[in-house]
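Residue-level structure breakdown
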Amino acid sequence: MRKGWVYFLTALAFLLSLVGVSKATKFITIGTGSVTGVYYPTGGAICRLMNREKKITGVRCTVESTGGSVYNVNAIKKGELDFGIAQSDVVYQAFTGTGRFKGKPIKSLRVVMSIHPELMTLVVRKDSGIKKFLDIKGKTINIGNPGSGQEATSRAIFSYCKGVISLKDIVPEYLKASECPNALRDKKIDGYFYMVGHPTANIKDAANTVSIDLISLAGVPCIEKLVKDKPYYAWGVIPAGMYRGVNHPTKTFGVKATVVTRADMDPNVVYHMVKVILDNFDKFKRMHPAYRHLTKKDLLKGFDKSMLHPGAIKAFKEEGLL
Ligand code: GLU
């Protein structure tokens, strides 16, 4: 009888502890991009590091594949996502109510940290006849699915370049990035724009499926002006040999991939997210080749510090970076 009570009480204690755990567990979701890009594995890397400590922190992190930057900031605004990854140009425009967010600023948007650099990449089929940017006239070019960062940046290019080339001069397509390698192979498109970190599985897939080339966006006066005028764009180079058959370096412009959230997000959760990356920085860097040149200081680049969430400020201050 006594033994029975001991079993009963032990079982009860166990059940109560389960209730306790489930009550304390906080679920967070990071919105990313298409699965073969770099955002999706980046969300995965952040969650994996955070979830190793979920017994202590009570935070369980999951990743969602989404339409990309613009979708993510809008979903964060609506409370449909807790965190998201977005291009620094999109974040800047959303916060200031400029560009495609003209008149609709998302004042509640906050930055957690930035991660890897992204470059605006024009991938073409080698036999498409496209050798330079202006050769895309008359060609079928994927500018990006609605909600993606590449669609936003492509439109910025075409609006800056109007007079030289506009969307009307190409046959625009709006496929998801993950659909582009096969569409390129099947000649449904001649090329596609993708704002992405390098290397990415997406372009590796394309290069392994069909003969591809990457087209430089440097030296085109209207694009040079765009990069000069906007604080969030900078020039960079995709090294030679990164993708099969592309043996020349490709100069183009880009942004920083940035983790964002809402101002009212629990500062302890934001703190924890930044802290696990800082505390496991070398481990994190090994999680994707697009992070190979990353330094801790880079996590604070590409955005105005006034946008940092208080939880992130605390973690960066403790690390002596702020
Ligand atoms: N930059 C792209 C976007 O904002 C996503 C790139 C990626 O998935 O790595 O939609």
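For the structure itself, look to the data block above.
Reading the values: the criteria
- Residues numbered from 1 in each chain as written.
- Predicted model: local features only at pLDDT ≥ 70, side-chain atom pairs only at ≥ 80, totals over all residues.
- Heavy atoms only, no water.
- Phe/Tyr/Trp six-rings, centres within 6.5 Å; stacked < 30°, edge-to-face > 60°.
- Buried < 20%, exposed > 50% of the residue type's maximum accessible area, 1.4 Å probe, protein only.
- Lys NZ or Arg CZ within 6 Å of the ring centre and 35° of its normal.
- Salt bridge = Lys/Arg side-chain N within 4 Å of Asp/Glu carboxyl O.
- Helix = DSSP H or I, 4+ residues; strand = E, 2+ residues; numbered from the N terminus.
- Disulfide = S-S within 2.5 Å.

Structural notes on the packing of aromatic side chains
Evaluation of the coordinates by the stated rule reveals six aromatic pairs. Between Tyr232 and Tyr233 the ring centres are 4.7 Å apart and the planes differ by 80 degrees, which places this aromatic pair in the edge-to-face class. Per residue, the accessibility class of Tyr232 equals that of Tyr233, and both read buried. Residue Tyr233 is classed as buried on the basis of its relative accessible area, which comes to 6%. One aromatic cluster is present, built from ring pairs that chain together Tyr92, Tyr232, Tyr233, Trp235 and Phe253. Over the ring of Phe95 we find Lys107; its NZ or CZ atom is 5.0 Å from the centre of that ring. The positively charged end of Lys251 is found above the aromatic ring belonging to Trp235, 5.3 Å away from the centroid.

What about the pattern of salt bridges?
Under the criterion given, the structure shown has twelve salt bridges. The partner of Arg125 in a salt bridge is Asp190, and the shortest N-O contact between them spans 3.3 Å. Remark: Asp190 occurs in the loop between helix H7 (180-185) and strand E7 (191-196) and Arg125 occurs in strand E4 (residues 109-125); sequence separation between them is 65 residues. Asp190 sits in the buried class, given a relative accessible area of 14%. Two residues, Lys187 and Asp127, come together in a salt bridge whose shortest N-O distance is 3.5 Å.

A look at the state of the cysteines
Applying the stated rule across the entire model yields two disulfides. Cys47 shares a disulfide with Cys61; S-S distance 1.9 Å. Looking along the S-S bond of the Cys47-Cys61 disulfide, the torsion reads about -55 degrees, which is the left-handed sense. Of this pair, Cys47 sits in helix H2 (residues 39-51) while Cys61 sits in strand E2 (residues 59-64), placing them 14 residues apart in sequence. Of the two residues, Cys47 and Cys61, both sit in the buried class. Between the sulfur atoms of Cys161 and its disulfide partner Cys222 the distance amounts to 2.1 Å.

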